[in-house]
Amino acid sequence: MMATVRLSFSPAPVHVRTARLVGVAVARRAGVAEELLDEVRLAIGEACTRAVALHRQHGLTDLVTVEMSDADSYAVRVIDHAPIDASIGLAKLLPDELADESLPDEALTTGVGFALLAGFVDDLQVRPVDDGTGTEVRMAWPVNRR
């Protein structure tokens, strides 16, 4: 049976730590290998930090949502409600392009986040949410069933 944990929090940096702690606890229970848990913690932190930064940048008070499930893999979805703009396109930039200092600050915030996430997560997808208001960052790790 697939378990799903949902966590919603106001866009304040202080709540990112809680999301990381919950995410690692759920990953451990789901059967993610111990040596991957640091990557899980860092990736969830980076995705949540990105969402909080976008909300704050756009003056949004909507909640950031994190969904964790353990179907065939341990999947984490971080959903923001910031307007969709060039930030998704930045996910396709190469790390060398992200180092370009001529990019605007908001591009660096989201672009560097994607570059870091790509380093932590082999299975990473970034897409607009279904209703068109925001972005979903989906990450997945393999699980070992006991």
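First things first, this report covers the structure right here in the doc. Keep in mind it's a predicted model, so treat the numbers as computed, not measured.

1. Side note on the pattern of salt bridges
Thought 1: Tallying each qualifying case throughout the model produces 8 salt bridges.
Thought 2: We note a salt bridge from Glu 67 to Arg 6, for which the minimum N-O separation is 3.2 Å. Residue Glu 67 is found in strand E2 (residues 64-69), and its partner Arg 6 is found in strand E1 (residues 4-9); the two are separated by 61 residues along the sequence.
Thought 3: Relative accessible area serves as the criterion here: at 16%, Glu 67 is assigned to the buried category.
Thought 4: Note that Asp 38 and Arg 41 form a salt bridge whose closest N and O atoms lie 3.7 Å from each other.

2. Brief notes about helix H2 (residues 37-57)
Thought 1: With 21 residues, H2 should cover 30 Å at 1.5 Å per step; its first-to-last C-alpha distance of 30 Å lies within 8% of that length.
Thought 2: Those residues of H2 not exposed but buried are Leu 37, Val 40, Ala 43, Ile 44, Gly 45, Ala 47, Cys 48, Arg 50, Ala 51, Val 52, Leu 54 and His 55.

3. Observations regarding the side chain of Glu 136
Thought 1: Within the fold, Glu 136 resides in strand E5 (residues 135-142).
Thought 2: On the basis of relative accessible area, Glu 136 is assigned to the buried category, the value being 3%.
Thought 3: In this structure the side chain of Glu 136 is engaged in a polar contact, spanning 2.9 Å, whose partner is the side chain of Arg 77.
Thought 4: Apart from the residues lying within four places of it in its own chain, the contact partners of Glu 136 are Arg 77, Val 78, Ile 79, Gln 125, Val 126, Arg 127 and Val 129.

4. Here's the deal with the sheet that holds E1
Thought 1: Strands sit in the order E1-E2-E3-E5-E4 across an open sheet of 5 strands; the sheet is antiparallel. Single-partner strands in this sheet number two, and they are E1 and strand E4 (123-128). On average, each strand axis in the sheet is tilted by 15° relative to the strand beside it, whichever way the strands run.
Thought 2: With 5 bridges connecting them, E2 and strand E3 (residues 73-79) associate as antiparallel partners. Note that in E3 the partner of Ser 69 across the bridge is Ala 75.
Thought 3: Against the sheet, H2 makes contact with E1, E2, E3 and E5, and its axis sits at roughly 175° relative to E5, the strand it touches most.

5. Re the environment of Arg 6
Thought 1: A residue is classified by how much of its surface remains accessible, and Arg 6, at 59% relative accessible area, is exposed.
Thought 2: When near neighbours in sequence (up to four residues on either side) are disregarded, Arg 6 contacts Val 66 and Glu 67.
Thought 3: Within the structure, Arg 6 has its side chain in polar contact with the side chain of Glu 67 (distance 3.2 Å).

6. Topic: the nonpolar core
Generally speaking, soluble globular proteins have nonpolar side chains that are buried together.
Thought 1: Counting residues in hydrophobic clusters, the biggest one holds 32 residues, and the most contacted among them are Val 32, Tyr 74, Val 76, Val 78, Met 139 and Trp 141.
Thought 2: At the level of elements, E1, helix H1 (14-30), H2, E2, E3, helix H4 (105-120) and E5 are the ones that each hand at least two residues to this core.
Thought 3: The greatest single-element share of this core, amounting to 8 residues, is contributed by H2.
Thought 4: Once you skip the residues sitting within four places of it in the chain, Met 139 turns out to touch Ala 43, Ile 44, Ala 47, Tyr 74, Ala 75, Val 76, Val 78, Leu 117, Val 121, Asp 123 and Leu 124.

Parameters and conventions
Residues numbered from 1 in each chain as written. Predicted model: local features only at pLDDT ≥ 70, side-chain atom pairs only at ≥ 80, totals over all residues. Heavy atoms only, no water. Salt bridge = Lys/Arg side-chain N within 4 Å of Asp/Glu carboxyl O. Helix = DSSP H or I, 4+ residues; strand = E, 2+ residues; numbered from the N terminus. Buried < 20%, exposed > 50% of the residue type's maximum accessible area, 1.4 Å probe, protein only. Expected span 1.5 Å × (residues − 1). Polar contact = N/O pair within 3.5 Å; in protein donor to acceptor, adjacent residues only side chain to side chain. Contact = heavy atoms within 4.5 Å. Pairing = 2+ DSSP bridges. Axes fitted to C-alpha atoms, helices over the stretch in contact; angles between N-to-C directions. Core = buried A, V, L, I, M, F, W, Y, C linked by side-chain atoms within 4.5 Å.

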